[in-house]
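# Fold and geometry: a report
What follows is the residue order along each chain.
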Amino acid sequence: MKSRDSLVRLKGFQVNEKRRQLQQLQMMMAEFERMAKELEHQITLEERKSGITDPNHFAYPTFAKAARQRADNLQVSIRELRAQQESAELALEEAEGELAKASALEERDGGMRARA
């Protein structure tokens, strides 16, 4: 029965690890979103200062172009992280299910030992 106890601990560790990974993805997405908003704000300020809002205009500020590219890259990264988040959520659900099964087996075995 010791092996079942080890299995429950292993599954609990796996669940905690999946939760940590999911939390890390969420923190990264939040940070990227914050950075993208800050870049958008800087772009707006630069456009106001120059009076040119058309990125295709020959005199459009170089800083605004570079910041726009960085903001676009961050949005791509956020979309990729969302896909990873969905996978991580599914993996967490699966790990939680495995933990529940292992815990149920442990409880059942514990109850049988108590009767014997």
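First things first, this report covers the structure right here in the doc. Please read these numbers as outputs of a predicted model, since none were measured by experiment.

## Here we look at the overall build of the chain
Assigned secondary structure in the chain consists of two helices and zero strands. Principal-axis analysis of the C-alpha atoms gives the chain an extent of 85 × 15 × 15 Å. Counting all 116 residues of the chain, 23% fall into the buried class. In the chain, the share of contacts with a sequence separation of at least 24, taken over all contacts with a separation of at least 6, comes to 74%.

## A few points about the nonpolar core
Formed by Ala36, Leu39, Ile43, Ile52, Tyr60, Ala64, Ala67, Ala71 and Leu74, the largest nonpolar core amounts to nine residues. At the level of secondary structure, the elements contributing two or more residues to this core comprise helix H1 (2–50) and helix H2 (62–115). For this core, the leading source of residues is H2, giving four residues. Excluding residues that lie within four positions of it along the chain, Ala71 makes contacts with Leu39 and Glu40.

## So, the side chain of Lys11
Counting through the fold element by element, Lys11 comes out in helix H1. By relative accessible area, which is 16% here, Lys11 ends up buried. If near-sequence neighbours (up to four positions away) are discounted, Lys11 is found in contact with Glu98, Leu99 and Ala102.

## Digging into a nonpolar patch on the surface
Among the surface-exposed residues, Leu7, Leu10 and Phe13 lie close enough to one another that they form a single nonpolar patch of about 280 Å² accessible area. Within the fold, Phe13 resides in helix H1. Residue classification places Phe13 among the exposed positions, given a relative accessible area of 55%.

## So, the side chain of Glu47
Examined against the element boundaries, Glu47 turns out to sit in helix H1. The class of Glu47 is buried, set by a relative accessible area of 11%. For Glu47, the contacting residues outside a window of four places in its chain are Ile52, Thr53, Tyr60 and Arg68.

## Points about the pattern of salt bridges
Two side chains that carry opposite charge are able to pair once their charged atoms sit near each other. Taken as a whole, this structure holds eight salt bridges when the rule is applied. Close ionic contact of Arg9 with Asp5 constitutes a salt bridge, the shortest N to O distance being 3.6 Å. Taken as a pair, Arg9 and Asp5 lie in helix H1 at a separation of four residues, close to a single helical turn. Residue class for Arg9 comes out exposed when judged on its relative accessible area of 51%. Using a relative accessible area of 32% as the deciding quantity, one classes Asp5 as partly exposed. Across the salt bridge formed by Glu46 and Lys49, the nearest N and O atoms sit 3.6 Å from each other. With Glu46 and Lys49 both in helix H1 and three residues apart, the pair spans about one turn of that helix.

Criteria and cut-off values
- Residues numbered from 1 in each chain as written.
- Predicted model: local features only at pLDDT ≥ 70, side-chain atom pairs only at ≥ 80, totals over all residues.
- Heavy atoms only, no water.
- Helix = DSSP H or I, 4+ residues; strand = E, 2+ residues; numbered from the N terminus.
- Buried < 20%, exposed > 50% of the residue type's maximum accessible area, 1.4 Å probe, protein only.
- Contact = heavy atoms within 4.5 Å.
- Core = buried A, V, L, I, M, F, W, Y, C linked by side-chain atoms within 4.5 Å.
- Patch = residues over 30% accessible without salt bridge, like charges linked within 9 Å, V, L, I, M, F, W, Y side chains within 5 Å.
- Areas by Shrake-Rupley, 256 points an atom, 1.4 Å probe, with all protein chains shown as cover.
- Salt bridge = Lys/Arg side-chain N within 4 Å of Asp/Glu carboxyl O.

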